[in-house]
Amino acid sequence: MINYLISKEKQCLAILGSWGCGKTYFWKQIEKEITLNFNNKKVIYIDLFGKESYKQVIEEIVVSLHGNYNNITKKTFKGLEGLIKGVSGGLINIDSDVIFSFLKKEDFKKIIVCLDNIERKSDNLPLKEILGLVNLLKEEKECNVVMILNKDELQDDNSDNNKEDKQDAKDWYQEYKEKVIDYEYIKDNNEIAKDIIIEKLKVQDEALKDDLKNIIFTHYKEHLNNNLRLLLKSLEHINHFNDICFMKFYNKENHDNFIHILKNHYYSNILQAILDYYIPTKNFLENTNNMYIITSNYMKNFFTIDKADIEKINYDFTSRLQNLIDMHFHTIYNMFYTYNSNDIECSKAIEDLVKMFLPIKDKYSWDNFKGEIYCERFLQIAYLYKRITNKKLDITDEIIKFFIKSNSNSIPFKSNSNLTSFKRLRTLIAIQPKYAEFYENTRKFHKTDYRIEMIFEYYKEPSLKIFHNSQIDNFNRYKLESIIDCFKNNNQFYMDFIYFFSIPPSNSKVNIEYFQDRYDIFDYEEYLKKIKSNNLFRAFNDFINQNEYKFKKKQLIKTTTRYDKNILSELLLTHSTP
């Protein structure tokens, strides 16, 4: 667009778009660049909002060119005194349209005139006069003109009382634009909106800022109907809520959880409340979301928020973080006892969980039942982490001290206490150096081989039937390493194997068509004969005896020996040594 305006002469460019879509903001960016980079060009910007007459527009153009009328008279128009009709309030009263007629095209050679808010002009200023002025500037003064308008909001401004002569302004524009306008630019404000968010959002972390930009932009499109003025107002208030609440809980370790919560629970309600405050709708439905109510009260109370509402937001945000942490606890337990995750993956998950907890630990209330559960869970995973890595988490002491201080009444030091408390005490003693020495070194890490070689399309059609005695010999067709890779990389295969062979055999003959998850006592005897020779069992034996799975193997032995005899316990206890 800049090249178009700089390189061409006698052109009229129309920037079209809906209200609030960023037309003026877009033009101001262009104007700024022209001013900075092209010294031989000057932009005259005229806002037609409320302009009553053609003469007002002409007068503003003239003054923008040469300053006040006294300067115009001295510099340009000798003998103009005859045109002066009088002085009012110390100002010279001159017919601006006459002065305009005296101006030559040389005076406009370096000028770009921009007429904004054309649809917001007074009804006393007809659109045909505006287009006439544009044509005059182009053809007689030979300068470029920019028109900024929302043509869908143009009103019928014909003052003639003869209805037959009246014509809708939009139709009039369509009819005459080809005579005046050389190029139309329809403004899509998406990129401008993103630029505004990046510019106005007060966040230092660039990765966080980019994610927040995407969230705000999505809700902006959903709620604000491409209105950039409302976006600017919303960003001011979003920055305020970020300061008093959300950013207190952010660090890079909990980035994904932080983004998830803001995306689904907060920013949408903030923008909706701001929209309803500035542009209430007839179809308004009451929103009962806490964040919406708090934002609405904040808007109605001169943009201030009381302490009780701040505490309510903080409590709500903390609770949501706690719920996500609870889910991560569950994931870690599954990694240890259900999934085919190795020790390296489990220890990394523990480290990530503890880092995630740091921003909220001082805000967490431990004087409830859930607090006791979290206390025990953290102690357990700290204990497991020590068993795997032979080292403490970087912040173990800090967390344990916090737990002890917060739960002095809930962690008993008597062996005759209830089972849950006893487990908590036993775990605490195991993890704290001043109560007991840590367990001896149990693990040396080896880099896990993530080479994936599927031995069959199990991931497409998982079926326990492949483990039945009648089909078990099919595994001997595959290389041992391929089956080991499948245990490592296909979690469903690993879980199905553990599930199938950990169940005790049925005492009666099982119809495998209906009971594919069981094997009977007769098949049990056959499996025992094949444990050393079948590639499936040999692969599992090699897989579970790798260094990074030693702790998992101990857990499996502990779990499977609780049941009656089963193939997995036999495999682990009798035939699992290399």
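Details of the structure are given in the entry above.
First things first, this report covers the structure right here in the doc. (Residues numbered from 1 in each chain as written. Predicted model: local features only at pLDDT ≥ 70, side-chain atom pairs only at ≥ 80, totals over all residues. Heavy atoms only, no water.)

**Some details on the overall build of the chain**
This is how the line gets drawn: Helix numbers and strand numbers start at the N terminus; a helix is a DSSP run of H or I with at least 4 residues, a strand a run of E with at least 2. The classification of residues rests on relative accessible area computed with a 1.4 Å probe and restricted to protein chains. Under 20% of the type maximum is buried, over 50% is exposed, and intermediate values are partly exposed. Residue contacts are counted whenever heavy atoms from the two residues lie within 4.5 Å of one another. Each accessible area is a Shrake-Rupley result for a 1.4 Å probe, and residues are judged covered by the shown protein chains and nothing else.
Looking only at helices and strands, the chain has 23 helices and seven strands in total. Here the chain, with 578 residues, has 47% of them falling under the buried criterion. Restricting the contact set of the chain to residue pairs at least 6 apart, pairs at least 24 apart contribute 72%. Only carbon and sulfur atoms are counted for the fraction: they give 48% of the accessible area of the chain, which is about 30,600 Å².

**Digging into helix α23 (residues 567-574)**
Convention followed: Any N or O atom pair separated by 3.5 Å or less is treated as a polar contact, with the protein-specific requirement of one donor-capable and one acceptor-capable atom, and with residues adjacent in sequence counted only for side-chain atom pairs.
Within α23 the residues assigned to the buried category are Ile567, Leu568, Ser569, Leu571 and Leu572. The inward-facing, buried residues of α23 contact α19 (491-502), α20 (521-530), α21 (535-544) and α22 (550-560). The N-terminus of α23 is capped by asparagine 566, whose side-chain oxygen sits 3.1 Å from the backbone nitrogen of leucine 568.

**Comments concerning the sheet that holds strand β2 (residues 42-47)**
Operational definition: Pairing between strands is defined by DSSP: at least two bridges between the two strands are required. Think of each axis as a best-fit line through the C-alpha atoms, taken over the contacting stretch in the case of a helix, with angles from 0 to 180 degrees between the N-to-C directions.
Pairing within the open sheet is parallel, and its five strands lie in the order β2-β5-β6-β1-β7. Lying at the two open borders of the sheet, with one neighbouring strand each, are β2 and β7 (183-186). Here the strands of the sheet are splayed against their neighbours by 20° on average, with no regard to which way each runs. By the bridge criterion, five bridges tie strand β1 (residues 12-16) to strand β6 (residues 144-149) in an arrangement that is parallel. The residue bridging leucine 13 from the neighbouring strand is valine 146, located in β6. Each of β1, β5 (111-116) and β6 is contacted by helix α6 (residues 127-139), which is oriented at about 155° to β6, the strand it contacts most.

**Describing the packing of aromatic side chains**
Applied cut-off: Ring pairs shown here join Phe, Tyr and Trp side chains whose ring centres sit within 6.5 Å, with only the six-membered ring taken for Trp; geometry is labelled stacked below 30 degrees between planes, edge-to-face above 60, and tilted in between. Note on geometry: a ring has a charge over it if NZ (lysine) or CZ (arginine) is within 6 Å of the ring centre and within 35 degrees of the ring normal.
On inspection of all chains with the given rule, the structure shows 36 aromatic pairs. Considering the side-chain rings of phenylalanine 501 and tyrosine 519, the 6.3 Å spacing of their centres and the 40° angle between planes classify their relative orientation as tilted. Taken together, the positions of phenylalanine 501 in helix α19 and tyrosine 519 in the loop between α19 and α20 put the pair 18 residues apart, joining distant regions of the chain. Note on tyrosine 519: relative accessible area 2%, which makes it buried. Sitting above the plane of the tyrosine 45 ring, lysine 28 keeps its charged end 3.7 Å from the centroid.

**Brief notes about the environment of phenylalanine 543**
By secondary structure assignment, the location of phenylalanine 543 is in helix α21. With relative accessibility at 0%, the residue phenylalanine 543 sits in the buried group. A C-alpha to C-alpha distance of 8.5 Å links phenylalanine 543 and aspartate 485, two positions 58 residues apart in sequence. Sequence-distant contacts of phenylalanine 543, that is, excluding residues within four places in its chain, are made with Ile484, Phe487, Lys488, Tyr494 and Tyr549.

**A few points about α6**
Defined as follows: One less than the number of residues in a helix, times 1.5 Å, gives the span that helix is expected to have.
Here α6 contains 13 residues, and its C-alpha end-to-end distance of 18 Å stays within 8% of the 18 Å for a straight helix at 1.5 Å per residue. Of the positions making up α6, those classed as buried are Leu127, Ile130, Leu131, Leu133, Val134, Leu136, Leu137 and Lys138.

**Some details on the environment of lysine 532**
Considering the arrangement of structural elements, one finds lysine 532 in the loop between α20 and α21. Classification of lysine 532 by relative accessible area gives exposed; the value is 64%. Placed 39 residues apart in sequence, lysine 532 and leucine 571 show a C-alpha to C-alpha distance of 9.2 Å.

**Overview of the pattern of salt bridges**
Put simply, the test is: Between Lys or Arg on one side and Asp or Glu on the other, a salt bridge is scored when a side-chain nitrogen of the former is within 4 Å of a carboxyl oxygen of the latter.
Under the counting rule described, the total for this entry stands at eleven salt bridges. Lysine 51 is the partner of glutamate 60 in a salt bridge, and the nearest nitrogen-oxygen pair spans 3.3 Å. Since its relative accessible area comes to 28%, glutamate 60 is described here as partly exposed. In this structure, arginine 320 and aspartate 316 form a salt bridge, with 3.1 Å as the shortest nitrogen-oxygen distance. Here the residue arginine 320 and the residue aspartate 316 both occupy positions in helix α13 (residues 307-337), the gap between them amounting to four residues, near one helical turn. The class for aspartate 316 is partly exposed, based on a relative accessible area of 21%.

**Quick notes on the packing of helix α3 (residues 54-66) against α6**
The cut-off we apply is this: Less than a right angle of anticlockwise turn of the near helix away from the far helix marks a crossing as left-handed, whereas a clockwise turn marks it as right-handed. All residues other than Ala, Val, Leu, Ile, Met, Phe, Trp, Tyr, Cys, Pro, Asp, Glu, Lys and Arg, Gly among them, are scored as polar; the first ten of these are nonpolar and the last four charged.
Relative orientation of the contacting elements α3 and α6 amounts to 35°, with a least axis distance of 10 Å. α6 is crossed by α3, and the crossing has right-handed handedness. Between α3, through Tyr54, Val57, Ile58 and Ile61, and α6, the contact on the second element is made entirely by Glu129, Leu133, Leu136 and Leu137. Here the contact of α3 with α6 is composed, by residue class, of seven nonpolar, no polar and one charged.

**Some points on the packing of helix α11 (residues 255-278) against α13**
Note the threshold: Angles below 35 degrees are treated as roughly parallel, those above 145 as roughly antiparallel, those between 65 and 115 as roughly perpendicular, and all remaining angles as oblique.
Running from amino to carboxyl end, α11 crosses α13 at an angle of 125°, the nearest separation of the two axes being 11 Å. With respect to α13, the element α11 is oriented oblique. Crossing of α11 over α13 shows right-handed handedness. Mapping the contact onto sequence places Asn257, Phe258, His260, Ile261, Leu262, His265 and Tyr266 in α11 and Ile313, Asp316, Phe317, Arg320, Leu321, Leu324 and His328 in α13. Residue classes in the contact of α11 with α13 are distributed as eight nonpolar, four polar and two charged.

**A look at the pairing of β1**
Counting buried positions over the five residues of β1 gives five, a clear majority of the element. Burial of β1 is two-sided: the residues Cys12, Ala14 and Leu16 facing one way and the residues Leu13 and Ile15 facing the other way are all buried. Here β1 runs beside β7; their pairing, made up of four bridges, is parallel. The residue bridging leucine 13 from the neighbouring strand is tyrosine 183, located in β7.

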